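Structural overview for review
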Amino acid sequence: AVLAINSMLYTLGGVVCALEALPTATLTDYGIVVACYLVCTGVRLGLLVVSAPVVALLGFRMTVSRFLVLFHGAMRGSVALVLGIIVFRNDSQPLAYRRQALLYNSGVLLLSLVANGTTVGLLARLLKVDLTPAYATLAWRRAIQELAGAARSECERVVKEEVESGDVVGMLAASATHPD
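Presented here is an overview of the structure given in this document. (Residues numbered from 1 in each chain as written. Predicted model: local features only at pLDDT ≥ 70, side-chain atom pairs only at ≥ 80, totals over all residues. Heavy atoms only, no water.)

1. Some points on the overall build of the protein chain
- Along its length, the protein chain carries eight helices and zero strands.
- Helices and strands appear in the protein chain in the N-to-C order α-α-α-α-α-α-α-α.
- When burial is assessed residue by residue, the protein chain has 24% of its 180 residues classed as buried.
- Considering only intrachain contacts with a sequence separation of at least 6, the fraction spanning at least 24 residues in the protein chain is 72%. (Helix = DSSP H or I, 4+ residues; strand = E, 2+ residues; numbered from the N terminus. Buried < 20%, exposed > 50% of the residue type's maximum accessible area, 1.4 Å probe, protein only. Contact = heavy atoms within 4.5 Å.)

2. Examining the packing of helix H3 (residues 64-73) against helix H6 (residues 120-127)
- Two elements in contact, H3 and H6, have axes separated by 10 Å at closest approach and are oriented at 175°. In this view, H3 runs roughly antiparallel relative to H6, as classed from their interaxial angle. Within the contact between the two elements, H3 uses Ser65, Leu68, Val69, His72 and Gly73 and H6 uses Val120, Leu123, Ala124 and Leu127.
- Per-class residue counts for the contact of H3 with H6 are six nonpolar, three polar and no charged. (Axes fitted to C-alpha atoms, helices over the stretch in contact; angles between N-to-C directions. Parallel < 35°, antiparallel > 145°, perpendicular 65-115°, else oblique. Nonpolar A, V, L, I, M, F, W, Y, C, P; charged D, E, K, R; others polar.)

3. Examining the nonpolar core
- Cys17, Leu81, Phe88, Leu102, Leu109 and Leu113 together form the largest nonpolar core, which totals six residues.
- At the level of elements, helix H4 (78-89) and helix H5 (95-117) are the ones that each hand at least two residues to this core.
- The element contributing the most residues to this core is H5, with three residues.
- Residues Ala21, Val33, Leu103 and Tyr104 belong to the second largest nonpolar core, which totals five residues. (Core = buried A, V, L, I, M, F, W, Y, C linked by side-chain atoms within 4.5 Å.)

4. Structural notes on the packing of helix H2 (residues 27-57) against H5
- At a minimum axis distance of 9 Å, the contact between H2 and H5 shows a crossing angle of 60°. Taken together, the axis directions place H2 and H5 in an arrangement best described as oblique. You can see that H2 and H5 cross each other, and the crossing is right-handed. Contacts from Asp29, Ile32, Val33, Val34, Cys36, Tyr37, Cys40 and Arg44 of H2 reach H5 at Gln100, Leu103, Tyr104, Gly107, Val108, Leu111, Ser112, Ala115 and Asn116.
- For the contact of H2 with H5, a count of residues per class yields eleven nonpolar, four polar and two charged. (Left-handed = near helix turned anticlockwise from the far one by under 90°.)

5. Focus: the pattern of salt bridges
- Overall, the coordinates contain one salt bridge when judged by the stated rule.
- A salt bridge links Asp91 to Arg98; the shortest N-O distance between them is 3.0 Å. (Salt bridge = Lys/Arg side-chain N within 4 Å of Asp/Glu carboxyl O.)

6. Thoughts on unusual backbone geometry
- Non-glycine residue Lys128 carries a positive phi angle of around 60°.
- Relative to the assigned elements, Lys128 resides in the loop between H6 and helix H7 (134-165).

7. Topic: H3
- Taken together, the buried positions of H3 are occupied by Phe67, Val69 and Gly73. Along the long axis of H3, the arc covered by the buried residues comes to 165°, so they all point the same way.
- Against the buried residues of H3 lie H2 and H6. (Arc of directions from axis to C-beta.)

8. What about the environment of Leu122?
- You can see Leu122 is positioned in helix H6.
- Sequence-wise, Leu122 and Val69 are 53 residues apart; in three dimensions their C-alpha atoms are separated by 9.7 Å.

Written as structure tokens, this is what we have:
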């Protein structure tokens, strides 16, 4: 749900920004948007390859499936969108330049969301990659371990009290849990 909301917000922001720049855009501008998207994708691939050893040292097991999902779904574009808006609002630059910068930034954002954002969930399901954040998984594991430990301690306490009180049922329970 969060991914869908983020995608909708970024798409809306990209569309609004592009509407300001679209009236003056040429076919060449659209080609440049696609080229910028491809360059950003290549840079993202390079960054992931270079950072893979560091990620491995931090203990994150990077499978090919995880790598592909991370590569496909990593780029969003919020920074590019903000920078494009900042450049557009800078009156010290010519309006044509500002519109062009806005078009390129919002165009790459829109392409990223359409091409990547709408398909990353499908890719993750096809590759059987769990998109649950690692911290959430670790938190659940820790909570379950603590709950199991607390339950074990409580059972041992109850058995001990029953044995000390001389209760036959308690003694049987104690012998069943500690056969020695």
